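Secondary and tertiary structure notes
Each chain, letter by letter, is given below.
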Amino acid sequence: MKVTVFGTGYVGLVTGACLAEVGHHVVCVDVDADKVARLKNGQIPIYEPGLDGIVISNYEEGRLEFTTDAKHAVAHGTMQFIAVGTPPDEDGSADLQYVLAVASTIAEYMDDTKIVVTKSTVPVGTADRVRSAMMTGLKARSTDLTYHVASNPEFLKEGAAVADFMKPDRIVVGTDSKDVEDAMRELYAAFNRNHDRMLFMDVRSAELTKYAANAMLATKISFINEVANIAEYVGADIERVRQGIGSDPRIGYKFIYPGCGYGGSCFPKDVKALASTARQVGYEAKLLDAVELVNEHQKTRLFDKLHTYFNQDLAGKTIALWGLAFKPNTDDMREASSRVFIEALWEAGASVKAYDPEAMNETQRIYGQRPDLQLMGTKEACLIDADALVVCTEWKAFWAPDFNLVKESLKTPLIVDGRNIYNPHQLEDLGIDYIGIGRSN
Ligand SMILES: NC(=O)C1=CN([C@@H]2O[C@H](COP(=O)(O)OP(=O)(O)OC[C@H]3O[C@@H](n4cnc5c(N)ncnc54)[C@H](O)[C@@H]3O)[C@@H](O)[C@H]2O)C=CC1
Ligand SMILES: O=C(O)[C@H]1O[C@H](OP(=O)(O)OP(=O)(O)OC[C@H]2O[C@@H](n3ccc(=O)[nH]c3=O)[C@H](O)[C@@H]2O)[C@H](O)[C@@H](O)[C@@H]1O
């Protein structure tokens, strides 16, 4: 099938490459000329396991094209996917300017029937706004071409985006048109082989499903973080509690890992956007507000623990920091807990020596050159002359360090473990002070 994808970010690029990989002909269009030029040169702007291979091979084989030419892109696809950003507005609601701009562009250039599909995460009612933006555009051209607007939210996770897209748990489609349903079945046939993963519903339910999924996952994380904080007061170990509750299949083990808060471009933004949607219709979403509040607080926990350990005085101290990305296997630093931690350290007069397997360039881009931030080539190099080690992201490379080397290198034998990846008793035996999240030691 002929597909156009607007936006070559995490979602657009993965969608385009995966659809091309199963044989569709995809044109990816972006307003960022630099990004498009890099993609044409085989340079993938984001770190995402497995993505470079399928982008390059499908580009070379002619099934995947990159362009800034919107007219050409609109002419290409029967299906027009919108996968542009929906960042938070000042009041937390989703900013739809990019989505609606794409709708107008499609209306400006289309000259046959189009199926317009929103893949971006958009509030309930957005399909109506896309429809009306297109109607306005077509009216201005005095044409009455037909078009459908459907919703097809994306559930991929960064760091596992290609695998998630290739093997989805479900493919949600919001539409009231049988033609669209048939077209979406054909498009996704290769991803829908073993059992039917396609869930068709009305557009509003599909739009809400996306927010409900992210809000539910964020709620699980804030819940376990809240219990972890209680565990610290009552002398329990959250890791035992986590296993104790996860073993109940009604609860399950997934997404109940305590830590230093959830980050990324989606949970923080989507929880706020859903609460904002609720407010707009006169409903106060108390639980969602609390989920966000607990998370904000959780992001300050690492600093508070370190501050307390050093008797409220971190001025002049140097902290070794392992992990900058908001989670492993990505270079994405959006809303990362590491940023809250680093900025609090600077505020307290401390400096940072940091290492991340993929997010060093992104850190440099965000903070530039400054004397209180040293980006080191290895995790070991961060430890030299540092007062303590803090782990913010649980990259596999951090799980089994040489603890004796850690102890010898640090001025104070202290590890603050923001993801509970170490065994407190092992470290205790080695003479290293250990502070985790919700641990009883
Ligand atoms: N990042 C993720 O893991 C996931 C994101 N989503 C949702 O998907 C949407 C996109 O997110 P990301 O891919 O992370 O965004 P992103 O910020 O990485 O990429 C968006 C791209 O759209 C481009 N763009 C903006 N206006 C455009 C226009 N008029 N025409 C063509 N391109 C245009 C930008 O230049 C940028 O390259 C958001 O709504 C997000 O909530 C959904 C599931 C997962
Ligand atoms: O809408 C989106 O963009 C995506 O948002 C999340 O994906 P993502 O943000 O890429 O990453 P997650 O693996 O969900 O992690 C989000 C944050 O939660 C934290 N987390 C996750 C799980 C857990 O048990 N504990 C925990 O603190 C992670 O460290 C990370 O900071 C969802 O998992 C995807 O299904 C969704 O498509």
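Residues numbered from 1 in each chain as written. Chains lettered and ligands numbered in written order. Predicted model: local features only at pLDDT ≥ 70, side-chain atom pairs only at ≥ 80, totals over all residues. Heavy atoms only, no water.

**Focus: the UniProt feature "binding site: NAD(+)" (unreviewed entry) in the protein**
When the UniProt feature table is mapped onto this chain numbering, "binding site: NAD(+)" (unreviewed entry) sits at Asp30, Lys35, Thr86, Thr121, Glu158, Lys269 and Arg334. A maximum C-alpha distance of 24.0 Å shows the annotated residues, which cover 305 residues in sequence, to be distributed over more than one spot. Cross-referencing the annotated residues with the largest cavity identifies Thr121 as lining it. Accessibility expressed as a relative area gives 11% for Asp30, which makes it buried. Excluding residues within four positions of it along the chain, Asp30 makes contact with Gly7, Thr8, Lys35, Val36, Thr67 and Thr68. One polar contact links the side chain of Asp30 to the main-chain amide nitrogen of Asp32, over a distance of 2.8 Å. The residues touching Lys269, leaving out its near neighbours within four places in the chain, are Thr86, Pro87, Pro88, Gly92 and Thr121. (UniProt positions renumbered as here; feature names shortened; annotations may be inferred. 1 Å grid on protein atoms, 1.4 Å probe; cavity = no way out; pocket = protein on both sides within 12 Å on 5 of 7 lines; lining within 4 Å. Buried < 20%, exposed > 50% of the residue type's maximum accessible area, 1.4 Å probe, protein only. Contact = heavy atoms within 4.5 Å. Polar contact = N/O pair within 3.5 Å; in protein donor to acceptor, adjacent residues only side chain to side chain.)

**Some words on the confidence of the model for the protein**
Considering every residue of the protein, the mean pLDDT works out to 97; 100% of them sit at 70 or more. Two numbers describe this predicted complex: its pTM, 0.96, and its ipTM, 0.98. (pLDDT = per-residue confidence, 0-100.)

**Examining the packing of helix α1 (residues 10-21) against helix α3 (residues 51-60)**
Two elements in contact, α1 and α3, have axes whose closest approach is 9 Å; the angle formed by their N-to-C orientations is 60°. One finds that α1 runs oblique with respect to α3. In this structure, the crossing between α1 and α3 has a hand that is left-handed. Contacts from Leu13, Val14, Ala17, Cys18, Ala20 and Glu21 of α1 reach α3 at Leu51, Ile54, Val55, Ser57 and Asn58. Broken down by class, the residue content of the contact of α1 with α3 amounts to eight nonpolar, two polar and one charged. (Axes fitted to C-alpha atoms, helices over the stretch in contact; angles between N-to-C directions. Helix = DSSP H or I, 4+ residues; strand = E, 2+ residues; numbered from the N terminus. Parallel < 35°, antiparallel > 145°, perpendicular 65-115°, else oblique. Left-handed = near helix turned anticlockwise from the far one by under 90°. Nonpolar A, V, L, I, M, F, W, Y, C, P; charged D, E, K, R; others polar.)

**What about the layout of surface pockets?**
A probe matching the size of a water molecule, rolled over the atoms, marks out where space remains unfilled. Computed from the structure, the second largest pocket encloses a volume of approximately 210 Å³. As for the second largest pocket, its lining consists of 13 residues, of which Leu96, Pro123, Val124, Arg129 and Gln280 are closest to the centre. Looking at the lining of the second largest pocket, the elements that each hand over two or more residues are α6 (126-140) and α11 (267-280). Of the residues forming the lining of the second largest pocket, the biggest block, four residues, is contributed by α11. Of the residues contributing to the lining of the second largest pocket, the split by class is six nonpolar, six polar and one charged. (Points joined across faces, edges and corners; volume = space filled by probe spheres on them.)

**Quick look at the site of ligand 2**
Ligand 2 sits among 20 residues. The nearest are Phe155, Leu156, Lys210, Asn214 and Cys266. Within the side chain of Asn214, an N or O atom sits 2.8 Å from an oxygen atom of ligand 2. For ligand 2, an oxygen atom lies 2.8 Å from a polar atom in the side chain of Lys327. Expressed as a share of its isolated accessible area of 700 Å², the protein-covered part of ligand 2 is 90%. Looking at the shell around ligand 2, the elements that each hand over two or more residues are α9 (203-234) and α11. (Near = heavy atom within 4 Å. Areas by Shrake-Rupley, 256 points an atom, 1.4 Å probe, with all protein chains shown as cover.)

**Notes on the domain arrangement of the protein**
As far as domains go, the protein holds domain 1 (2-201), domain 2 (211-297) and domain 3 (299-435). Just the C-alpha atoms count here: the centres of domain 1 and domain 2 sit 30 Å apart. Listed per partner, the contact involves 13 residues of domain 1 and eleven residues of domain 2. Across the domain 1/domain 2 interface, buried area totals approximately 810 Å², and carbon plus sulfur atoms make up 58% of it. In this assembly, domain 1 and domain 2 are joined by three residue pairs in polar contact (both at pLDDT 80 or more). (Domains from an automatic or database assignment. Buried area = accessible area lost by both parts, 1.4 Å probe.)

**Remarks on the sheet that holds strand β12 (residues 388-391)**
Backbone-to-backbone hydrogen bonds join strands into a sheet, with any given pair of strands oriented parallel or antiparallel. Taken together, six strands build an open sheet; the order of strands is β11-β10-β9-β12-β13-β14 and the sheet is parallel. Looking along the sheet, the strands with just one partner apiece sit at the ends: β11 (373-375) and β14 (433-435). Pairs of neighbouring strands in the sheet enclose a mean axial angle of 20°, with direction left out of account. Both strand β10 (residues 351-355) and β11 contribute to a ladder of three bridges, which runs parallel. Bridge pairing in β11 links Ala354 to Leu375. Sheet contacts for helix α15 (residues 360-367): β10 and β11; angle to β11, the most-contacted strand, approximately 155°. (Pairing = 2+ DSSP bridges.)

**Considerations on the site of ligand 1**
In the region of ligand 1, 26 residues are neighbours, and Asp30, Lys35, Thr86, Thr121 and Lys269 sit closest. In the model, an oxygen atom of ligand 1 is placed 2.6 Å from a nitrogen or oxygen of the Lys35 side chain. One nitrogen or oxygen atom from the side chain of Glu158 is found 2.9 Å from a nitrogen atom belonging to ligand 1. Compared with its free state, where it exposes 830 Å², ligand 1 has 87% of that area covered by protein. Elements with a minimum of two residues in the shell around ligand 1: α1 and α5 (97-109). The residue makeup of the shell around ligand 1, split by class, is eleven nonpolar, seven polar and eight charged. Two domains share the shell around ligand 1, each providing at least three of its residues, namely domain 1 (2-201) and domain 2 (211-297).

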